[in-house]
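The lines below spell out each chain.
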Amino acid sequence: PDPLSNRWDLGSDPLAFAKARTKLVSELWDGLVDRVVKEGDGYQKARRAFGVLLSSHGQACYMASRYIGGIYVTRSHKGDKDAKVPFVVVDPGKQREAMALLEEQVFSDKPFKLPPELYNQLSSTRWSHWGSNLPLRPDLAVHEVITIWQDRILQQLLSSLTLERLHDSELRIPADQDAFTTAELIERLTKAVFAEVDNLPEADYTPRKPAISSLRRNLQRSYLQHMADLAMGETGSPEDCQTVAYAELVNLRDKIKAKLAAGINFDAYTKAHLTETAERIQKVIDARLISTT
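Notes on the structure follow. (Residues numbered from 1 in each chain as written. Predicted model: local features only at pLDDT ≥ 70, side-chain atom pairs only at ≥ 80, totals over all residues. Heavy atoms only, no water.)

Right, let's talk about the overall build of the protein for a bit. The number of helices and strands found in the protein is 12 helices and 2 strands. Reading the protein from its N end, one meets helices and strands in the order α-α-α-β-β-α-α-α-α-α-α-α-α-α. Its C-alpha atoms put the protein at 65 × 60 × 40 Å along the principal axes. The proportion of buried residues among the 293 residues of the protein is 42%. Sequence separation of at least 24 residues holds for 72% of the intrachain contacts in the protein that already meet a minimum separation of 6. As displayed, the protein offers around 16400 Å² of accessible surface, 53% of which is attributable to carbon and sulfur atoms. Across the protein, the centroid of the 38 positively charged side chains sits 5 Å from that of the 40 negatively charged ones. (Helix = DSSP H or I, 4+ residues; strand = E, 2+ residues; numbered from the N terminus. Buried < 20%, exposed > 50% of the residue type's maximum accessible area, 1.4 Å probe, protein only. Contact = heavy atoms within 4.5 Å. Areas by Shrake-Rupley, 256 points an atom, 1.4 Å probe, with all protein chains shown as cover. Lys, Arg positive; Asp, Glu negative; His and termini not counted. Charge placed at Lys NZ, Arg CZ, Asp CG, Glu CD.)

Shown next as structure tokens:
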């Protein structure tokens, strides 16, 4: 539970390290291929370098995500000099700081808006030997590798252990003091992941310039699956979290239906995505009502 206990972080403040690392990665995308591929060489090194940078970004954000629901742990004994109590809840301000970083660096398109030509230079190796399998695709499965990291962060934030600790932390802090709650976490996640539902201006949307990008649609589908499992009680999370997830889904469904009825000229991708999302949420709502009666 202690966010200060990590492998591969540099420094005494993993959150500061995560901010510095994501900033560094964003600065290294430009000119990546020219730096790592020499004249006359294949482009395999570019693909490896891309993987290293994306992994560094994702790993740093994963470290930051551990502040959410985090507890500082010590092994001090009573009577030790300057001894601390065994458990101290991470300051709510620190948790919100970590959440803000994740909203910007994970649940946003901003870090992944890379030059299209870069993706066309990420070639896999053609070397085949025993014990090594060639990939099914020589090109990079861009959507898949980005979604993997986004989903890993979602799994950490919405895991039963994280939600249980966060929920219990509300009792570890006096009622007259501030606390970062499970309700705040789920509300902020929904707002960040489905930001377009709250703020989508009128425009001439097309499949090439969609209202909701393909990366965002994938993220929203992944989040919706986690929320459905949570609302349906398919996880070991506290029942308070299940009911909050249920209420968030009801609210999200209503917002999506209102957006679809607003007469916005959606592109085919976005319209289909929002329509299906509303229907999926309705199925979860109906199933929960049936399962609890």
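Ile 68, Leu 102, Phe 107, Leu 185, Leu 189 and Tyr 223 are the most contacted members of the largest nonpolar core, which totals 51 residues. Element by element, the count of residues in this core is highest for helix H10 (residues 214-231), at 7 residues. Not counting residues within four places of it along the chain, the set of residues in contact with Tyr 223 comprises Leu 154, Leu 158, Ile 186, Leu 189, Thr 190, Val 193 and Phe 194. Counting residues in hydrophobic clusters, the runner-up holds 20 residues, among them Val 37, Ala 46, Tyr 119 and Leu 215. (Core = buried A, V, L, I, M, F, W, Y, C linked by side-chain atoms within 4.5 Å.)

Here we take up the packing of aromatic side chains. The full count for this structure, using the stated rule, is 3 aromatic pairs. When the ring of Trp 29 is compared with that of Phe 50, the centres are 5.2 Å apart and the planes differ by 45 degrees; the resulting orientation is tilted. A residue pair is termed long-range when its members are at least 10 positions apart, and Trp 29 in the loop between helix H1 (14-28) and helix H2 (32-36) and Phe 50 in helix H3 (residues 44-65) qualify at 21 residues. Taking relative accessible area as the criterion, Trp 29 reaches 9% and is therefore assigned buried. With 6.2 Å between their ring centres and 70 degrees between their planes, Phe 50 and Tyr 119 make a pair best called edge-to-face. (Phe/Tyr/Trp six-rings, centres within 6.5 Å; stacked < 30°, edge-to-face > 60°.)

This part takes up the environment of Leu 15. Positionally, Leu 15 belongs in helix H1. Accessibility expressed as a relative area gives 0% for Leu 15, which makes it buried. Setting aside residues no more than four positions away along its own chain, Leu 15 makes contact with Ala 64, Tyr 67, Lys 94, Glu 97, Ala 98 and Leu 101.

A separate point is the environment of Val 52. With respect to the helices, strands and loops of the structure, Val 52 is situated in helix H3. Relative accessible area serves as the criterion here: at 52%, Val 52 is assigned to the exposed category. Considered as a pair, Val 52 and Ala 183 are 131 residues apart in the sequence and their alpha carbons are 35 Å apart.

The subject of this paragraph is the environment of Thr 182. Within the fold, Thr 182 resides in helix H8 (residues 182-193). With relative accessibility at 4%, the residue Thr 182 sits in the buried group. Between the alpha carbons of Thr 182 and Leu 158 there is a distance of 9.4 Å; along the sequence they are 24 residues apart. Residues in contact with Thr 182, not counting those within four places in the same chain, are Leu 163, Leu 166, His 167, Glu 170 and Cys 241.

Pairing between side chains of opposite charge can happen when their charged atoms approach one another. Here the structure, examined in full by the defined rule, presents 13 salt bridges. Where Asp 13 meets Lys 94, a salt bridge forms, and the shortest distance between an N and an O atom there is 3.1 Å. Of this pair, Asp 13 sits in the segment before H1 while Lys 94 is found in helix H4 (residues 92-105), placing the two residues 81 residues apart along the sequence. Using a relative accessible area of 25% as the deciding quantity, one classes Asp 13 as partly exposed. Across the pair Lys 255 and Asp 198 runs a salt bridge whose closest N-O atoms are separated by 2.8 Å. One end of the pair, Lys 255, is in helix H11 (residues 239-260); the other, Asp 198, is in helix H9 (residues 195-198), with 57 residues separating them in the sequence. Classification of Lys 255 by relative accessible area gives partly exposed; the value is 32%. Salt bridges here are not isolated pairs; linked through shared partners, they connect Arg 96, Glu 103, Asp 178, Glu 184 and Arg 188. (Salt bridge = Lys/Arg side-chain N within 4 Å of Asp/Glu carboxyl O.)

Bringing the side chain of His 273 into the picture now. One can find His 273 in helix H12 (residues 268-291). A polar atom in the side chain of His 273 sits 2.6 Å from the side chain of Gln 220. Among all residues touching His 273, those that are not within four sequence positions of it are Ile 212, Arg 217, Gln 220 and Arg 221. (Polar contact = N/O pair within 3.5 Å; in protein donor to acceptor, adjacent residues only side chain to side chain.)

Each turn of an α-helix holds 3.6 residues, which means side chains three or four residues apart point in the same direction. Here H8 spans 16 Å end to end across 12 residues, near enough to the 16 Å set by a 1.5 Å rise per residue. All of the buried residues in H8 are Thr 182, Glu 184, Leu 185, Ile 186, Leu 189, Thr 190, Ala 192 and Val 193. (Expected span 1.5 Å × (residues − 1).)

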